[in-house]
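Structure at a glance
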Amino acid sequence: MTTTVDASEIAKFEAMAAEWWDPNGKFKPLHMLNPCRLDYITSQIAEEFDRDLNTPRAFDGLRILDIGCGGGLLSEPMARLGATVVGVDAAERNIPVAQTHAAQSGLEIDYRFTTAEDMAAAGEQFDAVLNMEVVEHVSDPLAYLTACQQLLRPGGLHICSTINRNPKSFAMAIVGAEYVMRWLPKGTHEWSKFITPDELYDLMRRAGLEPVDRKGFVFNPITWGWSLSDRDLSVNYVTASLKPT
């Protein structure tokens, strides 16, 4: 496979594959964050493609790629909204987990063990690319984002979330999540691979994408829930960008 995949990063997620759909397992943080992620993703897609989320199968006719799909936590909601969904992951063990759960849920999703680079080389095209919590795990972010751009049709939407790099993100995403709360296995993240919002905007522009929005994902320890913020991008954040027409 042509790839910016980092083998040591993939090994971490391979070891956790069977736990994807356990809301209290090793992916508990993602299950907690997922409603907030979906709120952002669905609203951005609906706005860009003029869809009404109150109608059934609002994403009918849209082809959506979920890169780093894991067990399908984002792919399945996209399919329920009527989109044609391709979910890809470089961790091979994730694919049968995702396929089994989709079948149990009565959903048709095209899951593949492959990379963004190989799909781009094959000329695949999508209306939207979901690139959530992946860019901080690849070996060459610019090459990876360039592949994401190539996978979009002109006017296509790219949604990318990651983790900021600053003392607060070290305290929250590594010390807090991995050592104190034990939400994630130790070593899941490398602080040096985190990317600031300005760095990500610059990388996306160099990859041929046009950034149009960014928001923070903010955890509230009192309500024990996540929300979107226009201002607080200090730890987790998400961006939207377009491929020029």
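About the criteria used
Residues numbered from 1 in each chain as written. Predicted model: local features only at pLDDT ≥ 70, side-chain atom pairs only at ≥ 80, totals over all residues. Heavy atoms only, no water. Core = buried A, V, L, I, M, F, W, Y, C linked by side-chain atoms within 4.5 Å. Buried < 20%, exposed > 50% of the residue type's maximum accessible area, 1.4 Å probe, protein only. Helix = DSSP H or I, 4+ residues; strand = E, 2+ residues; numbered from the N terminus. Contact = heavy atoms within 4.5 Å. Phe/Tyr/Trp six-rings, centres within 6.5 Å; stacked < 30°, edge-to-face > 60°. Pairing = 2+ DSSP bridges. Axes fitted to C-alpha atoms, helices over the stretch in contact; angles between N-to-C directions.

Here we look at the nonpolar core
Judged by nonpolar contacts, the single largest core of 34 residues is most densely connected at Ile-45, Phe-59, Met-78, Leu-130 and Ile-159. Elements supplying a minimum of two residues to this core: helix H2 (28–48), helix H3 (75–80), helix H4 (94–104), strand S4 (126–132), strand S5 (152–163) and strand S8 (236–242). No other element matches H2, which puts seven residues into this core. Excluding residues that lie within four positions of it along the chain, Ile-159 makes contacts with Tyr-40, Ile-41, Gln-44, Ile-45, Val-129, Leu-130, Asn-131, Met-132, Val-238 and Thr-239. Formed by 28 residues, the second largest nonpolar core is a distinct cluster that contains Val-134, Cys-148, Leu-152 and Tyr-201.

A closer look at unusual backbone geometry
Although it is not a glycine, Asp-50 sits at a positive phi angle of roughly 55°. Following the sequence through the fold, Asp-50 ends up in the loop between H2 and strand S1 (63–67). At Trp-224, a position not held by glycine, the phi torsion is positive, near 55°. With respect to the secondary-structure elements, Trp-224 resides in the loop between strand S6 (210–220) and strand S7 (225–229).

Details of the packing of aromatic side chains
Each aromatic ring pair is summarised here by two numbers: the centre-to-centre distance and the angle between the ring planes. Scanning the model with the defined rule gives three aromatic pairs in all. Between the aromatic rings of Phe-219 and Trp-224, the centroid separation amounts to 5.0 Å while the plane-to-plane angle is 75°, which identifies the pairing as edge-to-face. The buried category is assigned to Phe-219, whose relative accessible area is 16%. With relative accessibility at 40%, the residue Trp-224 sits in the partly exposed group.

Some details on the sheet that holds S7
What links the strands of a sheet is backbone hydrogen bonding, and the strands pair in either a parallel or an antiparallel sense. An order of S3-S2-S1-S4-S5-S8-S6-S7 is seen for the eight strands of this open sheet, with the pairing classed as mixed. Pairing within the sheet leaves two strands with one partner each, and these edge strands are strand S3 (110–113) and S7. Sheet twist, expressed as the mean angle between neighbouring strand axes with direction ignored, is 20°. Here four bridges tie strand S2 (residues 84–89) to S3, and the two strands are oriented parallel to one another. The partner of Asp-89 across the bridge, within S3, is Phe-113. Contacts between helix H6 (residues 141–150) and the sheet are confined to S1, S4 and S5, with S5 contributing the most and set at about 145° to the helix. Along the sheet face, helix H8 (residues 197–206) touches S5, S6 and S8 and points at about 150° away from the line of S6.

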